[in-house]
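# Coordinate analysis (summary)
The primary structure of each chain is shown beneath.
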Amino acid sequence: MSAQGLHGETSNRPVPLLDVRDLSVAFPGHLAVRGISFQIRRGETLALVGESGCGKSATSLAIMQLLPRGTRLSGQVLFGGTDLVRADAHMLREVRGKRIGLILQEPMTSLNPVLTIGEQIAESLIRHDRLTARLARARTVELLDLVRIPDAHRRYDDYPHNMSGGMRQRVMIAMAVACNPELIIADEPTTALDVTLQSDVLELLDSLRRQLHMGLLLITHDLGVVAQWADRVAVMYAGSIVEMAETHALFERPLHPYSRGLMGSTVRLESGAHYTTARLTEIPGSVASATGETGCTFAPRCPQVIAQCRIAPPPLVPLPDRLAACRLATETPKEAARVAAGC
Amino acid sequence: MSSDTTRAASLPLFVPKSRRGLAALLLGHPTFAAGLFIFAIVVLLALGADILYPGDPQDMVGPPLLWPFADMEYPLGTDSLGRDVAAGLVHGARVSLIIGFSAAAIGLVIGTLVGAAGGFFGGYVDNILVRLTELFQTVPTFLLVIVIVAIGEPSLPVMAAAIGIASWPTIARLVRAQFRSLREQDFVMAARSLGYSDARIIFVEILPNALPPVVVTASVMVAGAILTETGLSFLNMGDPNLVSWGSMIGGGREMLRTAWFLTALPGIATALTVLALNLIGDGLNEVFNPRMRER
Amino acid sequence: MRLLSRAGRSLGRTLLQAVPTVLGIVVLNFLFLQLVPGDAADVIAGESGSATLESMEALRRQFGLDQPVLVQLLSYLDHLAHFSLGFSPRYNMPVGELIMSRLPFTLLLMVSAFTLSLVLGIAFGTLMAAFARRWPDRLLSVLVLVLYSAPGFWVGLMAIVLFSVKLGWLPSGGAMTIGADLSGWPAIADRLAHLALPSFSLACFFIAVYARLTRSAMLEVERQDFVRTAQAKGLSAFTIQTRHVLRNALIPVTTVAGLHLGNMLGGAIVVETVFGWPGMGRLALDAVMARDFSVLLGVLLLSSFVVIFANVFIDLLHAWLDPRIEAH
């Protein structure tokens, strides 16, 4: 642990790569993200973890300003000092693809079916780096090599439907890193892939991040992925961040009841547990019960709920090694530690 | 610094409401409502033709070639023989609507039967019917109609039959596709296992489910039939005893240079009626295939 | 390369399939036409004013119209096998020659109308999709709906009133200025001037069809994930609309394009009548009136061929646009 604050800010590097402040996203009839804040530095991986519907995809799209028309946005997204929320279309087009790369979840539908994959990668290079067609093609082949696609020269002229899911995702990665961006946002990059391919793709992503010294925002619902590949974690529930800490700190001692529920619902390989001896703990209820709540959004499902929780939502409060939004964790740390030790 | 704390409850953000409900549908589709309105007016005029303009619209009632609004007794003017244009329009509405609906009905019946048979039974029955459909579609529709009208004599029933016979392939294709997909569904298997006859399965089980796109196409077919009839009458292949919008356009063609309103007015009437039908068709399409609201 | 081999295969397959279809058309139409009361001899006799029984019998014998139906059918098929379309009693010349003198005009009209309708239709549709639900879309939608609803030949007549009668910019009929003996550029300009209104008149309805189709196809494609990917790459809006959205949206448009050719041929009949265009459409109409079945059959045959071959072309276009379509 260096002189690094819990949001990721460093005292000797005043401007983090990405600084999200109080971001809220509202779709018609549904408040998806409720005033969240976090920061990412170059070279580190922040994982945004939570179940479906917690607002993590909305967050990633909000950063890139790619939300559909009719969505309301508030807050700030400071990238290299510029607020993307207030940036004009021209500025955004300069940032997208060139300084921030996006990897989406479904490689099948995320690629244009009528263009070759080579053309789609070269597009970025021609647009941002102003390469000629020939140079772009050469560079694209290099990129395909970089993402470990065999026979890159011939693969350039393949169409997406000629490739397997794993290869298509690599193409997406190649497209995202083509112009040496400073930040990569990967939204569930391996969810649609076979388990066997998942670690390959993640390992590739991680090595590229180190090679190109990029920041990585890794959005996932898979705790295993988080444990293995993330430096810091932010746990999201119903549009809010409920806990944010360095990965090892969170996994050793999750404080927020939701985080604890998530940990408990996985079986760790080392624990030696077997399905006959250890049960997966469920978190009762569903996310839908969070809408319209005036208190803590997790209160309806929380095993440690107290009266005050239903009146006002707990603020995200800095603790020695993390941030947590739970009265139990922040106001009675000894009690919290006792409960945590029991899990 | 604690200014980084988050506030979950009171947000300075207005959450836009999502719209739903049937009232919103009509309000949100003013074009559908407009189509219904215009069509209703045309129907009313057609129904009231004998009341508004009793007698034969082909009677010569006034001085020839009066311009619209020149003489308020003939608000839309008169043609070269002194016939009242307004009377012709109103009676012509009748002709157009009658032919439009009956032709569409004939086409629907034939097309549905052929499509259902082919789609349900498959095999060589389907093959033959598909070939037949293709055959009919390769011959230019309008030419086929002309030939059929030439076989019979030019009269309303014949024209309606001709247009209907020429237009069934579209419906047949549609119905066949629907039947082919629906016959694989579980409810059909259930009906079979209950021992229902083929006829019962076709008409009672599958057909009601296959209807939505057919209903949408029906309005388009009526519109197309009206347009075809207009063309036929324009070419003097319509019923010589009846005034229709097409025959008025044809008749006005001689006077195009001087009295072009004779051609313009019946054309506008046709266009408005067909427009109304298209708006209705579009509206029905929205109702049966609602697009997801943009998220 | 892929396209060339596909073209060859497509053509071969089409020709093979076309033969029974065309044969079916011929036989069916022949038998169909027998249902029409009266024959060419009736009409000729009626027109010439001398309708004695002997002269009509003589006419019938001359043109083989007194033979039983099956014999007539077989003799017609025999003619076809020798690439002859028979002889026209009314026009007193071989049907083939007659049709060939008219075919180029109809082809010219149809090709220009088809091209015009595709180009304008796709252009309008793209604009409408780009400004979806805002005022340019609403305005164009109204225009498109009017084009869809108004009878094409009537729009042509109104256009004559405006451009020919009132403004005097364009001629009101015919395919060229007769007796003007032009050549080179002035001749082409003259032809184009005569082509403009009929072509537009025929294209009207189809402009609307393709515009509506393009609009809905583009809106549909815009919702796909790969459009978001393209946006995330920071591409310009124009690039996204053309290279990504439009190229995908054109696929369903080409599928539909072929289906409308039959309609267009039918519409040509009326348009040619309105503008006095010397094409096959008017010929067909005259043939029906004159009960000249050899000509009518010839026209029907040829139009079937036109439709079949145009569909081959469209199939190729479709394959070029969509690389997912491989060899059948």
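As the structure is a computational prediction, the values presented were derived from the model and not from experiment. (Residues numbered from 1 in each chain as written. Chains lettered and ligands numbered in written order. Predicted model: local features only at pLDDT ≥ 70, side-chain atom pairs only at ≥ 80, totals over all residues.)

### Here we look at the overall build of chain C
As a reminder of what qualifies: Secondary structure follows DSSP: runs of H or I at least 4 residues long count as helices, runs of E at least 2 residues long count as strands, and numbering of each begins at the N terminus. Once C-beta atoms are placed from the backbone, each residue is buried if 20 or more other C-beta atoms lie within 10 Å of its own, exposed if 12 or fewer, and partly exposed for counts between those two. Placing C-beta atoms from the backbone, we regard two residues as in contact once those atoms come within 7 Å.
Each helix and strand counted, chain C has 13 helices and two strands in total. Taken over the C-alpha atoms alone, chain C extends approximately 85 × 55 × 40 Å along its principal axes. In chain C, buried positions account for 39% of the 328 residues. Pairs at least 24 residues apart make up 73% of the contacts formed inside chain C by residues separated by at least 6 positions.

### What to know about helix α10 (residues 245–252) of chain B
With eight of its eight residues buried, α10(B) lies for the most part within the structure. Where α10(B) is buried, its residues touch α4 (85–121), α9 (198–234) and α11 (261–288) of chain B together with α7 (152–166) of chain C.

### Some thoughts on the interface of chain B and chain C
Our working definition: Only Asp, Glu, Lys and Arg are considered charged in this grouping, and only Ala, Val, Leu, Ile, Met, Phe, Trp, Tyr, Cys and Pro are considered nonpolar; every other residue, Gly among them, is considered polar.
Contacts between the two partners involve 31 residues from chain B and, on the opposite side, 35 residues from chain C. Elements represented by at least two residues in the side of chain B that touches chain C include exactly α5 (123–138), α6 (141–151), α9 and α11 of chain B. In terms of residues, the side of chain B that touches chain C owes the most to one element, α11(B), which gives eight residues. When its residues are assigned to classes, the side of chain B that touches chain C shows 19 nonpolar, nine polar and three charged.

### With respect to the packing of helix α5 (residues 95–130) of chain C against helix α13 (residues 293–321) of chain C
Residue and element names in this part refer to chain C. Here is the rule: Every angle, taken between N-to-C directions, lies between 0 and 180 degrees, and every axis is a line fitted to C-alpha atoms, over only the stretch in contact when it is a helix. Oblique is the label for every angle not falling under 35 degrees (roughly parallel), over 145 degrees (roughly antiparallel), or within 65 to 115 degrees (roughly perpendicular). Rotating anticlockwise by less than a right angle from the far helix to the near helix defines a left-handed crossing, while the corresponding clockwise rotation defines a right-handed one.
α13 packs onto α5 with a crossing angle of 50 degrees between their chain directions and a minimal axis gap of 10 Å. Viewed along their axes, α5 and α13 adopt a mutual orientation that is oblique. Crossing handedness for the pair α5 and α13: right-handed. Facing α5, whose interface residues are Val95, Leu98, Ile99 and Leu103, α13 presents Ser294, Val295, Gly298, Val299 and Leu302. Per-class residue counts for the contact of α5 with α13 are seven nonpolar, two polar and no charged.

### Things to note about the interface of chain C and chain A
Taken residue by residue, the interface counts 18 residues in chain C and 24 residues in chain A. Within the residue set of the side of chain C that touches chain A, elements represented by two or more residues are α9 (225–232) and α10 (237–257) of chain C. The greatest single-element share of the side of chain C that touches chain A, amounting to six residues, is contributed by α9(C). Considered class by class, the residues forming the side of chain C that touches chain A number five nonpolar, seven polar and six charged.

### Here's the deal with the nonpolar core
Heads up, the condition is: We define the nonpolar core as any set of buried residues of the types Ala, Val, Leu, Ile, Met, Phe, Trp, Tyr and Cys, connected via C-beta atoms lying within 7 Å of each other.
Val145(B), Ile146(B), Ile207(C), Ala284(C) and Val299(C) are the most contacted members of the largest nonpolar core, which has 150 residues in total. With sequence-adjacent residues up to four places away left out, Ala284(C) is seen in contact with Leu143(B), Ile269(C), Leu296(C) and Val299(C). Membership of the second largest hydrophobic core comes to 96 residues, among which are Ile121(A), Ala176(A), Leu183(A) and Ile185(A).

### Describing the sheet that holds strand β2 (residues 30–40) of chain A
All names here are of chain A. Put simply, the test is: Two strands qualify as a pair provided DSSP detects at least 2 bridges between them.
Sheet architecture is open: four strands sit in the order β2-β1-β4-β5, paired in antiparallel fashion. Every interior strand has two partners, whereas the edge strands, β2 and β5 (82–83), have only one. Bridge count between strand β1 (residues 18–27) and strand β4 (residues 72–79): seven bridges; the pairing is antiparallel. When the sheet's bridge partners are listed, Asp19 is paired in β4 with Leu78.

### Digging into the UniProt feature "transmembrane region" (unreviewed entry) in chain C
Residues and elements named next belong to chain C. Test applied: UniProt positions are given in the numbering used here, feature names are shortened, and annotations may be inferred rather than shown by experiment.
When the UniProt feature table is mapped to this numbering, "transmembrane region" (unreviewed entry) covers residues 12–33, 107–132, 139–163, 192–213, 249–275 and 295–314. Helix makes up 92% of residues 107–132 and strand 0%, with an end-to-end C-alpha separation of 36 Å. End-to-end, the C-alpha atoms of residues 192–213 are 29 Å apart, and along that stretch the chain is 100% helix and 0% strand.

### So, the environment of Leu272(B)
By the element assignment, Leu272(B) lies in helix α11. Residues Leu272(B) and Val42(B), 230 residues apart in the sequence, show an inter-C-alpha distance of 9.0 Å.

### Describing the pairing of strand β8 (residues 215–220) of chain A
Residue and element names in this part refer to chain A. The criterion, for reference: Assignment of crossover handedness uses the view with strands pointing away from the viewer, where a clockwise path from the first strand over the helix to the second indicates a right-handed crossover.
Of all six residues in β8, six are buried; the element is thus mostly enclosed. Side chains of β8 alternate between two faces, with Gly215, Leu217 and Ile219 and Leu216, Leu218 and Thr220 buried alike. Judged from the five bridges that link them, strand β3 (residues 45–49) and β8 form a sheet pairing that is parallel. By the bridge assignment for β8, Ala47 is matched with Leu218. Following the chain from strand β7 (residues 183–187) across helix α7 (residues 195–212) to the adjacent parallel β8, one finds a crossover that is right-handed.

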